[in-house]
Amino acid sequence: MTNKTVLHAKHIEAGAKMVDFHGWEMPINYGSQIEEHHAVRQDAGMFDVSHMTIVDVTGAQAKDYLRYLLANDVAKLQDKGKALYSGMLNETGGVVDDLIVYHFDAENYRLVVNSATREKDMNWLMGKADGFDVTITERPEFAMIAVQGPNAKEKANSLFSAAQQEAVAGMKPFFGVQAEDLFIATTGYTGEAGYEIMVPADQAGDFWQKLLDAGVRPCGLGARDTLRLEAGMNLYGQDMDETISPLAANMGWTITWEPAERDFVGRKALETQKASGTDKLVGLVMTEKGVLRSGLKVKVSEGEGVITSGTFSPTLGHSIAMARIPATSDATAEVEMRKKWVTVKIVKPSFVRNGKSVL
Amino acid sequence: MSNIPTDLRYASTHEWVRPEGDGVFTVGITEHAQELLGDMVFVELPDVGDNVSAGDDVAVAESVKAASDVYAPIGGEIVAVNEDLEDSPELVNSDAFGDGWMFKIKADDPSEVDNLLDAEGYENSIDED
């Protein structure tokens, strides 16, 4: 069975090419993936991300539960609305999913988890809740639209009521606020400024149309993938999964080790992995013709690795990739492409921020 | 449904062939093929002077989605390549049957073209995909 978001008709209306994305019929592009990519880097684009799973965690022990569930520590969240990116690990230190958690108060949090892993995540959240006084509630009554780009906030603001404009005025990155009917967050998956907006499903079509009228360009999953890869952001299932340690997925910064007495799922395994060393997720840059693609073999002095995500970067005009390889001090790697070994540069896995190259 | 001009001949591997006279034929990939591939990012062309046989992989069309071989629909000598594709590979998307042409072949045996599909035959071959 294929799921459709409430914006399905709007996508068809806009000429979208629809594809199956883990059981959801979603737009891959509306004509040109590259033009959509540039719209986000240079102006404003929007993505239907209603397929993502919104889960509220409430109750007297909501904070304790999340401090046990997540490798990052929600105790770091002091301000109302502040968001945190974290991996949710299994006992062997693999990544069950990556997610964003919004903090409202110690008894009230909101998670946004991936759609492809919805059922697994819900089972995991419920399973780990044993013994905690928490309530876990899915919120499928919301659609979600990401509006991203240098002009995204300004264009989205034109749709907001006076109260909503006031609520988001001066809001720093990685915050979320409930303002009347909308939950508006300064988060995203593109490396640009913008909002992710949760809107009641019955208002979503109208909201989308108004964004369209304000000059925001609809963008599909194709552009979403090239944008997130340029920004050096992981895609679950591709750059990491249940068998991959966050230490081998450029997610070391999302593990909060202190205080040492905080026990979280996967901690023991992570400590062992950290002590013995793991593979690393690095960026690769190839300025010659051709496109690095996921699955290609990578060689460095210390051994072999693999490209986890690769693409043509529309902003840079050449190919970039993320690869999981043995820890190395090499400055270059060899990639097997169409039966030839090609030398590429090893960089930190971050390529473009706020419209500009960071290479 | 994509456009399939009736004055061209087609290979089942999605190349089109247009006779230019004097045994020279222009070759590109069809509108249907570019739709399948998505935005083109690189096109690797053969060298002028190369001798090719029908079915040889002679060019590569690389899109955001995949790298796809382009095959010579007929045998002969490559007498021209579309150098505009070097800087503007998107011409294959915007004008597959026109400015997005890839190379020209001087046929060893122009009658080889008669073995290719006509528009109707190509349309049927797509429908079977």
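Residues numbered from 1 in each chain as written. Chains lettered and ligands numbered in written order. Predicted model: local features only at pLDDT ≥ 70, side-chain atom pairs only at ≥ 80, totals over all residues. Heavy atoms only, no water.

## Observations regarding the overall build of chain B
When helices and strands are counted, chain B shows four helices and nine strands. Its helices and strands taken in sequence order, chain B reads β-β-β-α-β-β-β-β-β-α-α-β-α from the N to the C terminus. On C-alpha atoms alone, chain B measures out to a radius of gyration of 13 Å, which is about the 14 Å that the 2.2 N^0.38 rule sets for 129 residues. A principal-axis box enclosing the C-alpha atoms of chain B has dimensions of 35 × 30 × 20 Å. (Helix = DSSP H or I, 4+ residues; strand = E, 2+ residues; numbered from the N terminus. Rg over C-alpha atoms; globule rule 2.2 N^0.38 Å.)

## Considerations on the UniProt feature "domain: GCVT N-terminal" (unreviewed entry) in chain A
The UniProt record annotates "domain: GCVT N-terminal" (unreviewed entry) at residues 7-257 of chain A. This span, residues 7-257 of chain A, is 28% helix and 29% strand, and a straight line between its end C-alpha atoms measures 41 Å. (UniProt positions renumbered as here; feature names shortened; annotations may be inferred.)

## A look at the UniProt feature "domain: Aminomethyltransferase C-terminal" (unreviewed entry) in chain A
Look at the UniProt record and you will see "domain: Aminomethyltransferase C-terminal" (unreviewed entry) annotated at residues 280-352 of chain A. Overall, residues 280-352 of chain A shows 0% helix and 62% strand. The separation of its end C-alpha atoms is 20 Å.

## Examining the pattern of salt bridges
Side chains that differ in charge, positive against negative, can pair when their charged atoms come close. Residues and elements named next belong to chain A. One pass over the full model with this rule turns up 20 salt bridges over all chains. Two residues, Asp56 and Arg110, come together in a salt bridge whose shortest N-O distance is 2.8 Å. Of this pair, Asp56 sits in strand S4 (residues 53-58) while Arg110 sits in strand S7 (residues 108-113), placing them 54 residues apart in sequence. Take Asp56 and Arg110: they sit in the same class, and that class is buried. (Salt bridge = Lys/Arg side-chain N within 4 Å of Asp/Glu carboxyl O. Buried < 20%, exposed > 50% of the residue type's maximum accessible area, 1.4 Å probe, protein only.)

## Observations concerning the UniProt feature "modified residue: N6-lipoyllysine" (unreviewed entry) in chain B
Here the UniProt-annotated "modified residue: N6-lipoyllysine" (unreviewed entry) positions come out as Lys65(B). Residues within four places of Lys65(B) in sequence aside, it is in contact with Lys17(A), Arg293(A), Leu36(B) and Leu37(B). (Contact = heavy atoms within 4.5 Å.)

## Some points on unusual backbone geometry
A cis amide bond, omega -5°, links Glu258(A) with the succeeding residue Pro259(A). Along the chain, the position of Pro259(A) falls in the loop between helix H8 (221-230) and helix H9 (267-276). Here the phi dihedral of Glu180(A) falls at roughly 50°; this positive angle occurs in a residue that is not glycine. Note on placement: Glu180(A) falls in the loop between strand S10 (176-179) and strand S11 (182-185). Despite not being glycine, His14(B) has its phi angle at roughly 80°, a positive value. Relative to the elements of secondary structure, His14(B) occurs in the loop between strand S1 (9-10) and strand S2 (15-21).

## Observations regarding helix H4 (residues 119-128) of chain B
Residues and elements named next belong to chain B. By the burial criterion, the buried members of H4 are Ala119, Tyr122, Ser125 and Ile126. Looking down the long axis of H4, one finds its buried residues gathered within 125° of arc, a one-sided arrangement. Residues Glu120, Asp127 and Glu128 are exposed on H4 and point more than 90 degrees away from its buried face. Lining the buried residues of H4 we find S1 and helix H1 (31-37). (Arc of directions from axis to C-beta.)

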